[in-house]
Amino acid sequence: MNIIVVENAQQGAEKAFELFEKAYQHGAKHYGLATGSTPIELYTLIRHSNLDFSNCYSINLDEYIGLSPEDEHSYRYFMEQHLFNTKPFKESFVPNGLEQDEQTEISRYETLLKQYPIDLQILGLGTNAHIGFNEPGTSFEERTHKVQLAEATIQANQRFFEKKEDVPTHAYSMGLQSIMDAKEIILMAFGKAKAQAIKDLVEGPITESVPASILQKHERVTIIIDKDAAELLN
Ligand code: GLP
């Protein structure tokens, strides 16, 4: 794994943008995108860039079950606001949080992933080392699936909602195997709250109790962290 330690989140976003632009120039057409606060600044840099995605496709990692695309807490809405409204892709796929039939949504998404294999995957990191919504204990073999969110995730994501009861309890998420299929991966994590997850991801054993540790097995991963997130590394 290529690990880049920067001073702060802003520098991290700039570094990620550099790598993103490089992948674009090398012909990346299918982008795996993530939500959360971590990639927001990267998306701002992309919005202000000259990059044109009219011939590219984006595929998001996950979506809350029960939220419509118009719901301001949905990940579809997040992506429209932070990227797609300004930089439209030829098509942008996000799991359909309103699909009640799990199998229908899972096979639709897996078909899309086969049709548009991801060239570059952007990832954030949960404080419990989840990626996408793959919580600790998720099988490394898992592909797109329905997830019950861990208590730690519900608590961490509560800040975006008025009250805890409003945070959805389930989501659709690309699985760890779907993520590992990406040709290149950039994971960003900033702040002390991510330090333990980063240590486990980088130095710990590869174990399903640390979902992100699977990335140690990927051939092209760059981890961009600030000093705070790096503070527990040897
Ligand atoms: C959510 C998302 C993840 C994201 C994580 C971290 O649970 N499903 O994709 O990486 O939160 O969020 P943040 O970047 O806000 O710390």
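The shown structure was predicted, so the numbers you read here are calculated from the model rather than taken from an experiment.

*Asks:* Please clarify how helix α4 (residues 102–115) should be interpreted in this entry.
*Replies:* Each turn of an α-helix holds 3.6 residues, which means side chains three or four residues apart point in the same direction. Given a rise of 1.5 Å per residue, 14 residues ought to cover 20 Å, and the 20 Å separating the end C-alpha atoms of α4 matches this to within 8%. Turning to α4, its buried residues number three or more, namely Glu105, Ile106, Tyr109, Glu110, Leu112 and Leu113. Seen from one end, α4 has its buried residues packed into an arc of 155°, which puts them on one side. For α4, exposure combined with an orientation more than 90 degrees from the buried face picks out Gln103 and Lys114. On its buried side, α4 packs onto β3 (57–60), β5 (91–93), β7 (145–148), β8 (170–173) and α6 (176–180).

*Asks:* What am I meant to see in the pairing of strand β9 (residues 184–189) here?
*Replies:* In regular strands, side chains alternate between the two faces of the sheet. Burial runs high along β9: 6 of the 6 residues are buried. On β9, burial covers both faces: Glu184, Ile186 and Met188 on one face and Ile185, Leu187 and Ala189 on the other are all buried. Bridge analysis of strand β6 (residues 120–123) against β9 gives 4 bridges, and the strand direction is parallel. From the neighbouring strand, Leu120 faces β9, where its bridge partner is Glu184. Pairing of β9 with strand β10 (residues 221–226), which is carried by 5 bridges, proceeds in the parallel orientation.

Criteria and cut-off values
Residues numbered from 1 in each chain as written. Predicted model: local features only at pLDDT ≥ 70, side-chain atom pairs only at ≥ 80, totals over all residues. Heavy atoms only, no water. Helix = DSSP H or I, 4+ residues; strand = E, 2+ residues; numbered from the N terminus. Expected span 1.5 Å × (residues − 1). Buried < 20%, exposed > 50% of the residue type's maximum accessible area, 1.4 Å probe, protein only. Arc of directions from axis to C-beta. Contact = heavy atoms within 4.5 Å. Pairing = 2+ DSSP bridges.

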